[in-house]
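The residues making up each chain are set out below.
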Amino acid sequence: MIGVTAGQSPHASPEAGAPESAPLLALCAITKRFPGVVANDRVSLDVRAGEVHALLGENGAGKTTLVNVLYGLYQPDAGEIVVDGRRVRIRSPRDAIACGIGMVPQHFLLVRRHTVAENVALGLPQEGFLRPARRVERRIVELGTRYGLAADPRARIWELSPSEHQRVEILKALVRGARILVLDEPTSVLAPQEVGGLFEVLRRMKGDGHAVIFITHKLDEVEAIADRVTVLRRGRVVATMPAAGVSRRTLVQMMVGRDVQFVLPRAPAAPTGEALTAEALEADNDRGAPALRGLDLAVRRGEIVGLAGIAGNGQRELVEVLTGLRRATRGRVRVLGREVTNRTAAAICDAGVAHIPEDRVHMGVVATMTVAENLVLRRYRHPPFSRGPLLDYAAVTRFAREMIAAYEIATPAATTPVRALSGGNIQRLILARELAARPGVIVAAHPTYGLDVSATEHIHRLLLRRREEGAGVLLVSEDLDEILALADRVAVIFRGRIAAVLSVGEATRERVGLLMTGQAA
Amino acid sequence: MRRLGPLVLEPDPAPPPARVLGVSLLALAGAVAAAGVVFAAYGADPLYAYAVIVRGTFAGLREISEVVRRTIPLLLCGVGLALAFRAQFWNIGAEGQLLAGAVGATAVALFVPLPGPWVLVAMFAAGFATGALWGLLPTLLRLRLSVNEVLTTLMMNYIALYAVAWLIHGPWKGATQFGFAYTDTFPEAARLPLLAGTRVHWPTLAVGLALAAALAFLLARTRLGFEVRVLGQNPVAGRYAGIDPARTLLAVMVLSAGAAGLAGVGEVAGVHHKLLDPGQVSLGYGYAAIVVAWLARGSPLAAVLTATLLGAIFTSGDVLKVALQMPFRVTDVFNGLILFFLIGSERLLAVRIRWAPPAATVRVGSGLPGTPEAGGES
Amino acid sequence: MDEGGWVLATAIRAMALGTPILWGTLGEIVAERSGVINLGVEGMMILGALAAFVVAQLTGQPAVGLGVAAAVGGAAALLHAFVSITLRANQYVSGLALTMFGLGLAGLLGRGWEGRPLLDTLPEISALTYAGLGLAAALWAVFYHTRWGIVLRSVGEMPAAADALGVNVALVRYLAVAFGGVMAGAAGAFLSLAYRPAWTEGMTAGMGWIVIAIAIFAAWDPLRAVAGALLFGALFHLSFRLQAWVAPELLKMMPFAFTILALAATAGGRRGQGAPEALGVPYVTGER
């Protein structure tokens, strides 16, 4: 089941800790620099056959960079890679595959229109020229059975769920004979129950002598599946140790360098009145298929409602309907008591709805425009920024300076183009823009995705403060921990409907997990 | 970031204007050199050809006035396209919109009797309207059906071409012309005054300059200009910002296509005084205007300069025709080469080259806020 | 001419004029399937037409002319490929620039070749027509039933996926674009060697643009491209046949107006087969 049970299974593979077994893979003093920062600073790491080695660190620690070096997507500035005792030069993914390294990326690289077999067969050198998809089907079924990765070779990728996509990625690597498998944050797309299934797959592979590198920032996963763990912080290795018996506190201190508050203190909820209400909402997704099938949800003033669910069950479409970016084919939306169904995005914004978008870089800002212009992106048509058809740039700049100070946005000037800012500062900009006017409703979609712990903490504090001030917050997140830490009530979305709404006391990981996959709890 | 020995190439998000100018000049130089090769292939001495060009475009007042005359339609089409490109509306149809404007102006000139200067005002208005109308269909198709406007605007060019041909051979065939295909000559009142001693129809020039200034102001200081810029740089963020793409795009189209229509008015009312073979009404101004707008990097004010450059190129075509019997098509060779080299040189803009031999000390990253995010981090 | 004879004659002419359209379209489909849009087809066609004509005049061998035309088209396409793939510049503008240049260059160098009749021509319905049909079938087989097909289509849909599996995305795109240029050059050769054995300035008259539109109309499928080519071949032919009844200029508008209609119909229609997802987007390999 969810993490809890997985952790109770005994660790298999007595070989994993055996000191005599030479490492299958060793990264020695890998250094990788980008303009302005050293992403990996003399990182050394080794993995043995039959071992699951967790690579732990918060966002920005350098984990993905390291494995991109391993997979040949980046060239290291210094250091070397040793596979099976031989030094190797990995200049491209082709070399990595030849060395037996396979990668399961965090964002899957699958062609949606093609079948599973076509995706697995892509670029696969083989005897035959004709019908490569057919030839690979047998291998897919074989490997699927062996490791518990059932996948229909003829299914098209767009028909499958994220966990099935993940299986295809793993199969791609296995079909190419990967002995070393790297998984980058693999549980970020899985429901709690599916995590157990993944771990079972990894155990079988471990038993077969594969070496697994498992990137994560979640401590319970380290406890559940890893034999050893290496902690990265700011590009450097802090420590490598056996996973058994290490306390969470120690791991966190190594990851972050200080104690971090897991749960922020907050006053009990005192909700008053209606903030945001959705009634019987129906809407289609981009492909024309129904995404919302009669969804009812109510957020009251002064509370945070967390929306939990596996990606692809309608969260995106719901957020878009609520903020005026998608048409509802049926149903009603009310903001602060007023009907706003299918009004324009501008009108809904004016009605008091703040929208912190999921894709902050591509939707939340115009990267080529200045910080000041981005700060008025949503309200430029109102005074004092606009007078008639003209924009008052003096007023815009004044406002920008206030916001930069108030929300601590680190930028050289108000006229700096936004693309020069770091991800955390871009999010601060967006928060400044959306929250400064004290909106009555806040729709926050994955607001802390990809940010480090201190930025996350900052955002959580901001949201809690707004909640105390009487705003109604809808928090959409894939991070169940975040939802459980912030929400007063937890709504679970499944197949375009709200499966249930639980108070935070009732919302255990088990119950939520079951609801996320459509089972009654 | 890429290393080439002691040099490091880094992506540069905000290239300074000096570098932009430098790279543009480099691209122009490349195009000039390549054109020289083409001249040689044709059998002409490149140096002689360039000497002829310089003499023919700069030598005297008359030559310069010819350059100005050719610049006028390029300026009008070019500033319109600069606006369109800023909105990421790829209007390749300026050629057809110009012809449509010419048709509108001709209709008024020949069939709507108005007193004195009102005829000219009406002709400009009609030309703007018909030009704008000609851009309407591709815009609607893009808004409603997401049809890419590159092909549709292009198709409209060919339709306009044949429409004009039909008009001059058919219903509007001049009563007073025998054996040739053009309409009757415009009455005296419907002809634009010329600058003394030249062939420059100055009212159109004035309109062009005014439009350049107006569009520059629009982009920099108005709400619509803000919306155009946002929509052009990030359409997704534009929707999020509540900008109505339909309203914005239609406004852009009207201005852009209308501007091209005005160019058409200038050609028939200021140069030919009749509607004639479409290939003579527009010598490819609509297409050359793409180069004008691109070289100006979307700035209507810079387009004044780049239009003059392209005007000089068109005048060179005349000059080369006379001096070396080169077909006028040679201007397309220039335009194509300039555009090609411009596009090819844009990489140089996006990249900053630093001298940093490998022995340089390692700067340990601090992960401070404000430093550019490095690659894909997780 | 009786009913049946009229239909047959139209069909034959449709196939004749459909041949260069088909060749051009197949080339463009391959290029776009790899993710690179080539708006330089018109320029490559006219350069091919001129090259073929001149070489055929000089050597007396139309087949040689055809070969040279294909090579010229391929060379021009490689320029486009370099700018679009290696320099990662705007593919739309690069193609437009090449068309402008090609039209100008052909007009310039073709001076003096106008009005000279070509004696050794290619027959209209010839090996080229059948080769076109065969090629369409072969491409269909390659696309959907071979290793190369998966690679080509994946590079156009998600180059990052292909890159991560060791595919050389740039090489695949270069080859696809070069193929497109070769086909465009050959299509132009057909015009000046077979269809209208002569050289006239601007003789492609917008056919290159229609080729690009048909690639969209055919949903990037080689077999549908055959249907599209035949349809437009018939349209072009009709625009000559009906001149007795309708003003010729209005008839010449027909193919272009029809193209707009076709584009509108395709876009508004089913959402199944859309453009290759990475079409027109430069790909940045690994190192950023």
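All residue numbers refer to positions counted from 1 along the written sequence of the respective chain. Labels follow written order: the first chain is A, the first ligand is 1, and so on. Note on the predicted model: pLDDT of at least 70 is required for a residue's local features to be given, and 80 or more for side-chain atom pairs to be given and counted; whole-chain, interface and lining totals, by contrast, use all residues.

**Observations concerning the overall build of chain B**
Point 1. Note on conventions: DSSP H or I runs of at least 4 residues are helices, E runs of at least 2 residues are strands, and numbering of each starts at the N terminus. The helix and strand tally for chain B stands at 15 helices and three strands.
Point 2. When we talk radius of gyration, it's over C-alpha atoms, and the globule rule is simply 2.2 Å times the number of residues to the 0.38. Taking 378 residues into account, the globule formula puts the C-alpha radius of gyration at 21 Å, and chain B, at 23 Å, falls close to it.
Point 3. C-alpha atoms of chain B, sized along the principal axes, occupy 85 × 55 × 35 Å.
Point 4. Around each residue's C-beta, the other C-beta atoms within 10 Å are counted; 20 or more make the residue buried, 12 or fewer make it exposed, and counts in between make it partly exposed. All C-beta atoms are placed from the backbone. Counting over 378 residues, chain B shows a buried share of 56%.
Point 5. The contact criterion used is a C-beta to C-beta distance within 7 Å, with each C-beta placed from the backbone. Once local pairs closer than 6 in sequence are excluded, the contacts in chain B between residues at least 24 apart make up 77%.

**Quick notes on the interface of chain C and chain B**
Point 1. If you look at the interface, chain C gives 39 residues, while chain B gives 42 residues.
Point 2. Put simply, the parts of the chain that give the side of chain C that touches chain B at least two residues each are helix H4 (91–109), helix H9 (207–217) and helix H11 (248–268) of chain C.
Point 3. Charged residues are taken to be Asp, Glu, Lys and Arg, nonpolar residues to be Ala, Val, Leu, Ile, Met, Phe, Trp, Tyr, Cys and Pro, and polar residues to be all remaining types, Gly included. Class assignment of the residues belonging to the side of chain C that touches chain B gives a composition of 26 nonpolar, seven polar and six charged.

**Considering the sheet that holds strand E9 (residues 228–233) of chain A**
Residues and elements named next belong to chain A.
Point 1. Only when DSSP finds a minimum of two bridges between them are two strands counted as paired. Pairing is mixed across the open sheet formed by six strands, whose spatial order is E6-E7-E8-E3-E9-E10. Two strands close off the open sheet at either side, each with one partner strand: strand E6 (101–104) and strand E10 (236–242). When the angles between neighbouring strand axes are averaged without regard to direction, this sheet yields 20°.
Point 2. Pairing of strand E3 (residues 52–56) with E9, which is carried by four bridges, proceeds in the parallel orientation. Among the inter-strand pairings, histidine 53 is bridged to a residue of E9, identified as arginine 228.
Point 3. Sheet strands touched by helix H2 (residues 63–70): E3, E6, strand E7 (180–184), strand E8 (211–216) and E9. Its angle to E7, the strand with the most contacts, is close to 150°.
Point 4. For helices, the fitted axis covers only the stretch in contact; all axes are lines through C-alpha atoms, and the angles between them, taken along N-to-C directions, range from 0 to 180 degrees. Along the sheet, helix H6 (residues 162–175) makes contact with E6 and E7, crossing E6 at roughly 170°.

**A closer look at helix H18 (residues 509–516) of chain A**
All names here are of chain A.
Point 1. Listed in full, the buried residues belonging to H18 are Val512, Gly513, Leu514, Leu515 and Met516.
Point 2. Those residues of H18 hidden inside the fold are in contact with helix H7 (192–207), strand E13 (304–308), helix H17 (480–486), strand E21 (489–494) and strand E22 (497–503).
Point 3. Of the residues flanking the end of H18, it is glycine 518, one or two places downstream, whose phi is positive at about 90°.

**A closer look at the sheet that holds strand E14 (residues 330–335) of chain A**
Residue and element names in this part refer to chain A.
Point 1. Strand order in the open sheet formed by four strands is E12-E11-E14-E15, and the pairing between neighbours is antiparallel. In the strand order of this sheet, the two ends are held by strand E12 (290–301) and strand E15 (338–339), each with one partner.
Point 2. With five bridges joining them, strand E11 (residues 272–284) and E14 adopt antiparallel strand pairing. Considered in E14, the bridge of leucine 276 is made with valine 335.

**Quick word on the environment of valine 167 of chain C**
All names here are of chain C.
Point 1. Along the chain, the position of valine 167 falls in the loop between helix H7 (159–164) and helix H8 (169–195).
Point 2. By the C-beta count within 10 Å, which is 21 here, valine 167 ends up buried.
Point 3. In sequence terms valine 167 and valine 155 are 12 residues apart; their C-alpha atoms lie 8.5 Å from each other.

**Quick notes on unusual backbone geometry**
Residue and element names in this part refer to chain A.
Point 1. With an omega of 5°, the peptide bond running from proline 383 to proline 384 counts as cis.
Point 2. Relative to the assigned elements, proline 384 resides in the loop between helix H13 (371–375) and strand E17 (386–387).
Point 3. The phi torsion at arginine 234 lies on the positive side, around 50°, for a residue other than glycine.
Point 4. Among the secondary structure elements, arginine 234 is positioned in the loop between E9 and E10.
Point 5. A residue is classified by how many C-beta atoms lie within 10 Å of it, and arginine 234, with 20 of them, is buried.
Point 6. Its identity as a non-glycine residue notwithstanding, alanine 280 has a phi of 50°, on the positive side.
Point 7. Locating alanine 280 in the fold gives a position in strand E11.

**Things to note about the pairing of E8 of chain A**
Residue and element names in this part refer to chain A.
Point 1. Burial of E8 is extensive: six of the six residues sit out of reach of the surface.
Point 2. Of the two faces of E8, the one lined by Ala211, Ile213 and Ile215 and the one lined by Val212, Phe214 and Thr216 are each fully buried.
Point 3. The pairing of E3 with E8 spans five bridges and is parallel. Bridge pairing in E8 links histidine 53 to isoleucine 213.
Point 4. In the sheet, E7 pairs with E8 via five bridges, with the strands oriented parallel.

**Considerations on helix H14 (residues 393–406) of chain A**
All names here are of chain A.
Point 1. A helix's residues, less one, multiplied by 1.5 Å, set its expected span. With 14 residues, H14 extends 20 Å from end C-alpha to end C-alpha; this agrees with the ideal 20 Å at 1.5 Å per step.
Point 2. What H14 keeps buried is the set Val396, Phe399, Ala400, Met403 and Ile404. Along the axis of H14, the buried residues cluster in a sector spanning 135°; they form a single face. Pointing more than 90 degrees away from the buried face of H14 are the exposed residues Ala394, Ala405 and Ala406.
Point 3. Against H13, strand E18 (390–391) and helix H15 (423–435) lie the buried residues of H14.
Point 4. Where H14 terminates, the next one or two residues include glutamate 408, which has phi positive at roughly 55°. As used here, the arc is the angular range of directions from the helix axis to the C-beta atoms.

All we've got here are geometric facts, nothing functional implied.
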